Amino acid sequence: MEREKDLINRLKKGDKRAFEKIYGLYASEILIFVGRHLDCEEDVEEVVQDVFVALWNARNNIRAEFSLRSLLYRSARNRIINCYRSRISVECCLDELREGDLSSIHSTETDIEYNEFRRHVISAVLALPLTQRKIVILSRYRGLSHRQIVEQTGFSLQTVKNNLSQALKKLREVLDVRSFSVVLLILTANQVHF
């Protein structure tokens, strides 16, 4: 306990070595805990990263009598719950998107080609990891800014930027690069509301 108090006091002073020591002591333990509850490796790694980023950002508010282990576990548990909530939200949104997409098929050849291409885009979005999928939907379908996505999801701004960038890169790879600008137009022009 004395060792933890010392680490907390050093952490509060911005001591990066103390932070690294805390990370070394608890990261693998938290990773195992989160991994038992989430099945996507990217989500697990992101949650663990967010737990420790939050610890660093809130270091001035930590009291020396706190248990670092329980603080980190509580933070991880809250983020796991948020992940489950966002999965439910994203899955509901995607169900509506699929239903809306299928109901909009018209008989003309152009409409059929457009709808087939749109289904291809939706499939590519569905294949993204959960966090990337959610951010793409919020950014491209709902037209939210990075800041609005941060407020709605609780993700860090850097997490939003990184995941959106990675998602768009994956979509470029999966979809024809020449038609990627058309994809972005489809995503933003339709403004599917969930």
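The present account deals with the structure reproduced in this document. Because the structure is a prediction, the values reported are computed rather than measured. (Residues numbered from 1 in each chain as written. Predicted model: local features only at pLDDT ≥ 70, side-chain atom pairs only at ≥ 80, totals over all residues. Heavy atoms only, no water.)

### Some remarks on the pattern of salt bridges
Pairs may arise between side chains of opposite charge once their charged atoms sit close together.
So, point 1. Considering all chains together, one arrives at 3 salt bridges under this definition.
So, point 2. Residues D6 and R10 are paired through a salt bridge, measuring 3.6 Å at the closest nitrogen-oxygen approach. Highlighted residues: D6 and R10, both in helix α1 (residues 2–12), separated by 4 residues, approximately one helical turn.
So, point 3. Judged by relative accessible area, which is 40%, D6 ranks as partly exposed.
So, point 4. For R10, a relative accessible area of 28% translates into the label partly exposed.
So, point 5. In this structure, R69 and E29 form a salt bridge, with 2.7 Å as the shortest nitrogen-oxygen distance. Placement of R69 in helix α4 (residues 68–103) and of E29 in helix α2 (residues 16–37) is noted, with a sequence separation of 40 residues between them.
So, point 6. With relative accessibility at 40%, the residue R69 sits in the partly exposed group.
So, point 7. Connected via shared salt-bridge partners are D6, R10 and D15. (Salt bridge = Lys/Arg side-chain N within 4 Å of Asp/Glu carboxyl O. Helix = DSSP H or I, 4+ residues; strand = E, 2+ residues; numbered from the N terminus. Buried < 20%, exposed > 50% of the residue type's maximum accessible area, 1.4 Å probe, protein only.)

### What to know about the nonpolar core
So, point 1. Residues I22, V34, F52, L55 and L72 are the most contacted members of the largest nonpolar core, which totals 26 residues.
So, point 2. Elements represented by at least two residues in this core include exactly α1, α2, α3 (41–57) and α4.
So, point 3. Take this core: its biggest share by element is 8 residues, from α2.
So, point 4. The contacts of F52, once residues within four sequence positions are left out, are F19, I22, Y23, Y26, A27 and L72.
So, point 5. Residues L144, L164, A167 and L168 belong to the second largest nonpolar core, which totals 18 residues. (Core = buried A, V, L, I, M, F, W, Y, C linked by side-chain atoms within 4.5 Å. Contact = heavy atoms within 4.5 Å.)

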